Amino acid sequence: MDFSFQALVQKHTSQMESAFRSLVDTIVRSSKLSISLLRISHVTEESFHVSLEARITKTGPASASIAPMTLDLCGPAGQFGKVTLPAITTQAYGTDVVVASQLINIVDKEALKAFIRAIIQGDSVILSLRNGQTSISALGIGPRETSYEKELELPGMNGPVVRVHAASLTQTDPRLAGSPSTASLTSGNAVPLSSSLTSASILSVTAPGNGSPVSITFHVMNPSPLEMSFGTCSFDILDHEDRLLVELKGRLDIRCHYFEATFQGIVNRAVAARLAASIKEAAAPSGSNDEKSGSGRGSSRTPGARLVGRRCAGAGWCDETIKGIDVPIKHMGRLFRVLGMEDAEEEVEDKRGGLTKFAQKLMMR
């Protein structure tokens, strides 16, 4: 065995080179990048700003320096933009990664819409960071160029889960003040939504006194890291037979964990009364199934209400994303009580299971 100085130096160099390659391989292949915040703001037709809060872990026992790199942002339908991550110095216990309000040029609007839709409606979505080119220095070696890619599974909003937090009748006459009509949300060359009734239409198709101005505050669960401001949006509340119950307008600002959104609009008292009666009947002890079985259209559907997106005054791709929202609404009894209707207590769906333990913990924060 050669114990000469030159041999020892060569052996040490070889060992350090092997350790360096192992560390780089750990960073590239085995490390974990977790995103806790994905905030989209300053939305336009061609771009948006993104802020990221993330943490990289499992990078190995030694510290390493990773140079800034630009990566492709890819969702279920492909690439929608590029993001540049800052220089990172890894630590064995993990390292925070922060991107502050970075301009992202949209390269594919369909891919972007598919990603936003997936994170809002699904329980998870894959965000892929691809084609990153960077250099890494560690253990006194480098910088050495390397490629970097990661696939991140982000939790989704799963619907989202929406419940009525509060409701009140307002003093504003919708025939005199700005009503939440879809026409009022149309700007530029946007095409007016033809499949939704406006507030004025609700008043015209109901008997005098059946259309009342109302303010509703929704409580929305958001276990995803997404935060996004859509601006002024229009929503309809439909019953289980697709009758228009309420038409609403207000700002939608999605925030992490849970958030509240308040909208104003017009409620159709006649439709509300029928829904309240249907929910109460469905919640009553069974025993009159024969009477319920032939009640006509929609009799096989569980009585309830849905929040349906109609229009967003912002960028066109935001508008199309809002139109994809169609979710059940819990705690409609709070609206019925404001309207002076007999409380139908809780919907049948709540009695069958209610909130998950995860959602209950978020509600208690």
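Scroll up a little and you will see the structure.
Residues numbered from 1 in each chain as written. Predicted model: local features only at pLDDT ≥ 70, side-chain atom pairs only at ≥ 80, totals over all residues. Heavy atoms only, no water.

(A) Quick peek at the overall build of the protein chain. Across its full length, the protein chain holds ten helices and 16 strands. Taken across its 365 residues, the protein chain has 47% of its residues classed as buried. Expressed as a percentage of contacts within the protein chain between residues at least 6 apart in sequence, the contacts between residues at least 24 apart total 72%. Summed over its atoms, the accessible surface of the protein chain is roughly 18,000 Å², and 51% of this surface lies on carbon and sulfur atoms. (Helix = DSSP H or I, 4+ residues; strand = E, 2+ residues; numbered from the N terminus. Buried < 20%, exposed > 50% of the residue type's maximum accessible area, 1.4 Å probe, protein only. Contact = heavy atoms within 4.5 Å. Areas by Shrake-Rupley, 256 points an atom, 1.4 Å probe, with all protein chains shown as cover.)

(B) Broad picture of the packing of aromatic side chains. This model, assessed by the stated rule, comprises four aromatic pairs. Pairing phenylalanine 80 with phenylalanine 115 gives two aromatic rings, centres 5.1 Å apart and planes at 25°, and the pair type is stacked. You can see phenylalanine 80 sitting in strand β5 (residues 78–85) and its partner phenylalanine 115 sitting in helix α2 (residues 109–121), a full 35 residues away along the chain. Aromatic rings pair up to connect Phe218, Phe235 and Phe263 into one cluster. (Phe/Tyr/Trp six-rings, centres within 6.5 Å; stacked < 30°, edge-to-face > 60°.)

(C) View of α2. Compared with an ideal rise of 1.5 Å per residue, which puts 13 residues at 18 Å, α2 spans 18 Å between its outermost C-alpha atoms and is within 8% of the ideal. Among all positions of α2, only Ala111, Leu112, Lys113, Ala114, Phe115, Ile116, Ile119 and Ile120 are buried. At the N-terminal boundary of α2, the capping side chain belongs to aspartate 108, with an oxygen 3.0 Å from the backbone nitrogen of glutamate 110. (Expected span 1.5 Å × (residues − 1). Polar contact = N/O pair within 3.5 Å; in protein donor to acceptor, adjacent residues only side chain to side chain.)

(D) Main features of the environment of alanine 118. Position of alanine 118 among the secondary structure elements: in helix α2. Measuring from C-alpha to C-alpha, the distance between alanine 118 and proline 76 comes to 8.0 Å, with 42 residues separating the pair along the chain. Filtering out sequence-adjacent residues up to four positions away, alanine 118 remains in contact with Pro76, Ser124 and Val125.

(E) Quick peek at empty space enclosed by the protein. What the rule picks out here adds up to four cavities of 30 Å³ or more. Within this model, the largest cavity holds a volume of roughly 130 Å³. Mapped onto the lining of the largest cavity, the elements with two or more residues apiece are β11 (211–222), β13 (244–254) and β14 (257–268). Counting residues per element, the lining of the largest cavity draws most heavily on β14, at three residues. Grouping the constituent residues of the lining of the largest cavity by class yields 15 nonpolar, no polar and no charged. Taken as a whole, the second largest cavity holds about 90 Å³ of empty space. Lining the second largest cavity are Leu38, Ile40, Phe48, Val50, Leu52, Leu73, Phe80, Val83, Phe115 and Leu127. Going through the elements one at a time, β1 (32–41), β2 (47–57) and β5 are the ones with two or more residues in the lining of the second largest cavity. Counted by class, the lining of the second largest cavity contains ten nonpolar, no polar and no charged residues. (1 Å grid on protein atoms, 1.4 Å probe; cavity = no way out; pocket = protein on both sides within 12 Å on 5 of 7 lines; lining within 4 Å. Points joined across faces, edges and corners; volume = space filled by probe spheres on them. Nonpolar A, V, L, I, M, F, W, Y, C, P; charged D, E, K, R; others polar.)

(F) Quick peek at helix α5 (residues 269–283). The first and last C-alpha atoms of α5 sit 21 Å apart over 15 residues, in line with the 21 Å expected at 1.5 Å per residue. Inspection of α5 places Val271, Ala272, Leu275, Ala276 and Ile279 among the buried residues, and these make up the whole buried set. Projected down its long axis, α5 shows its buried positions confined to an angular sector of 135°, all on one face. Here the buried face of α5 lies against β12 (226–239), β13, β14, β15 (305–312) and α8 (333–338). Near the N-terminus of α5, the side chain that reaches the backbone nitrogen of alanine 270, with its oxygen 3.1 Å away, is that of asparagine 268. (Arc of directions from axis to C-beta.)

(G) Spatial organisation of the side chain of lysine 113. Locating lysine 113 in the fold gives a position in helix α2. Its relative accessible area of 3% is what places lysine 113 among the buried residues. A polar atom in the side chain of lysine 113 sits 2.5 Å from the side chain of glutamate 320. Once you skip the residues sitting within four places of it in the chain, lysine 113 turns out to touch Trp317, Glu320 and Thr321.

(H) View of the pattern of salt bridges. By the definition in use, this model includes 18 salt bridges. A salt bridge links arginine 310 to aspartate 236; the shortest N-O distance between them is 2.9 Å. With arginine 310 in strand β15 and aspartate 236 in strand β12, this residue pair connects regions lying 74 residues apart in the sequence. Note on arginine 310: relative accessible area 15%, which makes it buried. Judged by relative accessible area, aspartate 236 falls into the buried class, the value being 1%. Here arginine 306 and aspartate 326 are joined by a salt bridge, their closest N and O atoms 2.8 Å apart. With a gap of 20 residues between them, arginine 306 in strand β15 and aspartate 326 in strand β16 (residues 326–330) connect regions that are remote in the sequence. Residue aspartate 326 is classed as partly exposed on the basis of its relative accessible area, which comes to 41%. Counted as one network, the salt bridges with shared partners bring together Glu17, Arg21 and Arg144. (Salt bridge = Lys/Arg side-chain N within 4 Å of Asp/Glu carboxyl O.)

These values are about where atoms sit, not about what they do.
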